[in-house]
Amino acid sequence: MTELEESEELEALVLTPDERARGVRVDRVMFTMDWTGEDHPGQLAAFVAGRVRAFGAEPAGIDTDVVHRAAEDDPTLRRGDVPVRQLDHLAGVLADLGRTLLVRENGTDTYELLVALTGGREPAGLLHEGLPVRAWGSEPEETLVSLNCPDCSQMLVWELPPSETLADEHCDCGAALFDAEGRPLPNVVLHA
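Reading the values: the criteria
Residues numbered from 1 in each chain as written. Predicted model: local features only at pLDDT ≥ 70, side-chain atom pairs only at ≥ 80, totals over all residues. Heavy atoms only, no water. Phe/Tyr/Trp six-rings, centres within 6.5 Å; stacked < 30°, edge-to-face > 60°. Helix = DSSP H or I, 4+ residues; strand = E, 2+ residues; numbered from the N terminus. Buried < 20%, exposed > 50% of the residue type's maximum accessible area, 1.4 Å probe, protein only. Pairing = 2+ DSSP bridges. Axes fitted to C-alpha atoms, helices over the stretch in contact; angles between N-to-C directions. Contact = heavy atoms within 4.5 Å. Patch = residues over 30% accessible without salt bridge, like charges linked within 9 Å, V, L, I, M, F, W, Y side chains within 5 Å. Areas by Shrake-Rupley, 256 points an atom, 1.4 Å probe, with all protein chains shown as cover. Salt bridge = Lys/Arg side-chain N within 4 Å of Asp/Glu carboxyl O. Core = buried A, V, L, I, M, F, W, Y, C linked by side-chain atoms within 4.5 Å. Expected span 1.5 Å × (residues − 1). Lys, Arg positive; Asp, Glu negative; His and termini not counted. Polar contact = N/O pair within 3.5 Å; in protein donor to acceptor, adjacent residues only side chain to side chain.

(A) Local environment of the packing of aromatic side chains. Under the defined criterion, the tally for this structure stands at three aromatic pairs. Ring centres of phenylalanine 31 and phenylalanine 47 lie 5.3 Å apart, and the angle between their planes is 25°; this geometry places the pair in the stacked category. Of this pair, phenylalanine 31 sits in strand 1 (residues 31-34) while phenylalanine 47 sits in helix 3 (residues 43-54); the two residues are 16 residues apart in sequence, bridging distant segments of the chain. For phenylalanine 31, a relative accessible area of 13% corresponds to the buried category. The class for phenylalanine 47 is buried, based on a relative accessible area of 14%.

Shown next as structure tokens:
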């Protein structure tokens, strides 16, 4: 499948027939949210509800109030946890409506989100502008590993396919970072 065909497949999932006929771009129906959360409470739920309405369904149950209430009583909550809980919750609500919450893997800590009309099947092999798009909660095609070298403090980042490890990896300064099985050495701390 060519990149153009993959783009057309994504468009068919996230754009209504009217939007496609008018030449609306996928970017126009994408919600971008920082890893720490919404700029204003309710923005994410409003976006998702709007996309469900665009596909002709009533967005019953699409809110994140339950997530916010639960977060208020959770002493273990860390910065960045609420957006993940919101996305988990909304993905479940959307699945019940035959829709899928998609995330574009842009290589940053920003969530780029789309709502797809999938009829309950999990889409695979989607791209947008050359970057993978996957269902929220599914395994990413690549794993991002980052750390600061314990010797020289240089930040190092790898994108690894599922079949690869960082066995015997060293920093450019020569510091050993991973053992022969790809486990970080005791003095190496991976970024969360």
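(B) Summary view of the sheet that holds strand 4 (residues 126-128). Strand order in the open sheet formed by five strands is 1-3-2-5-4, with antiparallel pairing between adjacent strands. Each edge of the open sheet is held by one strand with a lone partner, namely strand 1 and strand 4. Across the sheet, the mean angle from the axis of one strand to that of its neighbour is 35°, orientation sign disregarded. In this sheet, strand 5 (residues 131-135) lies alongside strand 2 (residues 99-104) in antiparallel orientation, the contact comprising three bridges. Within strand 5, the residue paired with valine 103 across the bridge is arginine 134. The strands touched by helix 3 within the sheet are strand 1, strand 2 and strand 3 (110-117), with strand 3 carrying the most contacts at an inclination of about 25°. Those strands touched by helix 5 (residues 81-96) are strand 1, strand 2 and strand 3, and its axis lies near 145° from that of strand 2.

(C) Spatial organisation of a nonpolar patch on the surface. Taken together, the side chains of Leu144, Met155 and Val157 present a nonpolar region at the surface, about 300 Å² in accessible area. Following the sequence through the fold, valine 157 ends up in strand 7 (residues 155-160).

(D) Region of the structure containing the pattern of salt bridges. A complete count under the given rule lists ten salt bridges for this structure. For the salt bridge of glutamate 105 with arginine 134, the shortest nitrogen-to-oxygen distance reads 2.5 Å. A residue pair is termed long-range when its members are at least 10 positions apart, and glutamate 105 in the loop between strand 2 and strand 3 and arginine 134 in strand 5 qualify at 29 residues. One continuous salt-bridge network, built from bridges that share partners, spans Arg25, Asp27, Arg104, Glu112 and Glu129.

(E) A look at the nonpolar core. Counting residues in each nonpolar core, the largest one holds 19 residues, and the members touching the most others are Leu44, Val48, Ile62, Leu87, Leu101 and Leu113. Within the residue set of this core, elements represented by two or more residues are strand 1, helix 3, helix 5, strand 2 and strand 3. If we skip the residues at most four places from it in the chain, leucine 87 touches Met33, Leu44, Leu101, Tyr111, Leu113 and Trp136.

(F) Inspection of helix 5 at higher detail. Spanning 16 residues, helix 5 covers 23 Å between terminal C-alpha atoms, matching the ideal 22 Å at 1.5 Å per step. Looking only at helix 5, the buried set comprises Asp81, Val82, Pro83, Gln86, Leu87, Leu90, Ala91, Val93 and Leu94. The inward-facing, buried residues of helix 5 abut strand 1, helix 3, helix 4 (65-72), strand 2 and strand 3. The first or second residue beyond helix 5 is glycine 98, which carries a positive phi of 75°.

(G) Quick look at the environment of proline 186. Looking at the secondary structure, you find proline 186 in the segment after strand 7. Assessed through its relative accessible area of 83%, proline 186 is described here as exposed. Note: C-alpha distance between proline 186 and leucine 97 (89 residues apart in sequence) is 47 Å.

(H) Quick look at the side chain of aspartate 81. Positionally, aspartate 81 belongs in helix 5. Within the buried core, aspartate 81 has no salt-bridge partner, and the shortest N-O distance to an opposite charge, that of arginine 78, equals 4.0 Å. A distance of 2.8 Å separates the side chain of aspartate 81 from the backbone nitrogen of arginine 78, its partner in a polar contact.

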